[in-house]
Amino acid sequence: MMAMIGSLTAHQRWILMAVKGGASSLSFVGSSFIVLCYLLFKELRKFSFKLVFYLALSDMLCSFFSIVGDPSKGFFCYAQGYSTHFFCVASFLWTTTIAFTLHRTVVKHKTDVEDLEAMFHLYVWGTSLFLTVIRSIGNDHRHLGGWCLTQTGRTRKAVQFITFYAPLWGAILYNGYTYIQVIRMLNNATRMAVGMSDRAYQSDARADKKSMNRWGYYPLILIGSWAFGTINGIHDFIEPGHKIFWLSVLDVGTAALMGLFNSIAYGLNSSVRRAIYERLDQTPFDPTTARVWPASLRRWFPGSLKSKGQFQESELVSLRIEDQH
């Protein structure tokens, strides 16, 4: 992502730094909110949301090291560059574990996904570490303004594609294929319910379908976050002496917003909103201390969330994973 900085002016680099810092800060806040929700609300500590927690944690650390920038010491330059790479890779790999869980539960009707948690950790953290180590071989970080850059050569750029963009687009293709199968399965279930005129089953199938239709858009998060970076990287590989500033801005900005997009799409579901509302609902109104903020915050919640019986489970919890225990 940063290989394109070399031929830009100091003013253009400053703009890119501002865009990167602002977008990374938004992602840090969004992902930190999901992490805090998981830590504060015990009712969210289920396997389904635990995967979202690990995703948010990876996004939070990726954003943090992106905000840190390029310290004056060479060691911290290495730490910033490799840490950002490690946690950004871990972020999109966690999305594949969520997709795998959905597919295994909905399509294959398996209930053993909790037993695979150790394998998920080995897969995500092990792969991220392996790709980061491969990226570091023969690499030499150097300073350019406020940026921590790797050597710019076609060989190094090829390594960047192999260690980041290739697995990234592999994850995008896998997620897309998986969600298509999940949605197709739910569509078939809905049609069966309509054919049998089973109102109760039909209502459940439609509710599940409504939830899963949202997941069909989630591969677009990775595409939207990294499409410009991929295009910019290919352009820089073909024409290294010709930088396109507006494309660089889109590259830096959309990539840094990945954590915010993930926190909204994966984290801000009905289970999180329910946990927050229930906590607010338990907070007493005290006119002597002007504690009116809970009533004000309640206005942000839809009317359908104000009745316990009308709460819907999160998109992952609706798969009845926890119902087996």
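Residues numbered from 1 in each chain as written. Predicted model: local features only at pLDDT ≥ 70, side-chain atom pairs only at ≥ 80, totals over all residues. Heavy atoms only, no water.

The name that an unreviewed UniProt entry assigns to the protein is G-protein coupled receptors family 2 profile 2 domain-containing protein, with the source organism given as Salix brachista. In its Subcellular location (unreviewed entry) section, the UniProt record describing the protein reads: "Membrane". (UniProt positions renumbered as here; feature names shortened; annotations may be inferred.)

Undergrad: Which residues make up unusual backbone geometry, and what values do they have?
TA: If you check the backbone angles, H109 has positive phi at about 55° while not being a glycine. Residue position: H109 is located in the loop between helix 3 (74-107) and helix 4 (117-136). (Helix = DSSP H or I, 4+ residues; strand = E, 2+ residues; numbered from the N terminus.)

Undergrad: Which residues make up the nonpolar core, and what are the values?
TA: Within the largest apolar cluster, 51 residues are counted, with the highest numbers of intra-cluster contacts made by F92, I98, F164, L168, W226 and Y266. For this core, the secondary-structure elements that each account for two or more residues are helix 1 (10-40), helix 2 (47-68), helix 3, helix 4, helix 5 (154-196), helix 7 (219-238), helix 9 (258-267) and helix 10 (270-281). Of all the elements, helix 3 adds the most residues to this core, at 12 residues. (Core = buried A, V, L, I, M, F, W, Y, C linked by side-chain atoms within 4.5 Å. Buried < 20%, exposed > 50% of the residue type's maximum accessible area, 1.4 Å probe, protein only.)

Undergrad: Give a description of the UniProt feature "transmembrane region" (unreviewed entry) in the protein that names residues and reports values.
TA: When the UniProt feature table is mapped to this numbering, "transmembrane region" (unreviewed entry) covers residues 14-39, 51-69, 81-102, 122-138, 158-177, 215-238 and 244-268. Across residues 158-177, helical content stands at 100% and strand content at 0%; the span's end C-alpha atoms are separated by 27 Å.

Undergrad: Lay out the pattern of salt bridges in plain terms, naming residues and giving numbers.
TA: As enumerated under the stated definition, the model contains 3 salt bridges in all. For the salt bridge of K50 with E117, the shortest nitrogen-to-oxygen distance reads 3.6 Å. With K50 in helix 2 and E117 in helix 4, the pair connects residues that are 67 residues apart, well separated along the chain. A salt bridge links K243 to D236; the nearest nitrogen and oxygen atoms lie 2.1 Å apart. For K243, a relative accessible area of 16% corresponds to the buried category. (Salt bridge = Lys/Arg side-chain N within 4 Å of Asp/Glu carboxyl O.)

Undergrad: Would you mind going over helix 4 in detail, with residue names and values included?
TA: Over its 20 residues, helix 4 runs 28 Å from end to end, which matches the ideal 28 Å to within 8%, given 1.5 Å per residue. For helix 4, the complete set of buried residues consists of E117, F120, V124, S128, L131, T132 and R135. Down the axis of helix 4, the sector holding all buried residues measures 100°, keeping them to one side. Among the exposed residues of helix 4, those pointing more than 90 degrees away from its buried face are A118, M119, L122 and F130. (Expected span 1.5 Å × (residues − 1). Arc of directions from axis to C-beta.)

Undergrad: How would you explain the packing of aromatic side chains if you had to name every residue and give the values?
TA: All chains considered together, the criterion is met by 17 aromatic pairs. For the ring pair F28 and F64, a centre distance of 6.4 Å and an interplane angle of 40° mean the geometry is tilted. Residue F28 is located in helix 1, and its partner F64 is located in helix 2; the two are separated by 36 residues in the primary sequence. For F28, a relative accessible area of 29% corresponds to the partly exposed category. A residue is classified by how much of its surface remains accessible, and F64, at 38% relative accessible area, is partly exposed. On the numbers, 6.0 Å between centres and 5° between planes, the contact of F65 with F87 is stacked. Of the two residues, F65 sits in helix 2 while F87 sits in helix 3, which places them 22 residues apart along the sequence. Classification of F87 by relative accessible area gives buried; the value is 14%. A connected cluster of aromatic rings, assembled from ring pairs, spans F28, Y38, F49, F53, Y54, F64, F65, F86, F87, W94 and W125. (Phe/Tyr/Trp six-rings, centres within 6.5 Å; stacked < 30°, edge-to-face > 60°.)

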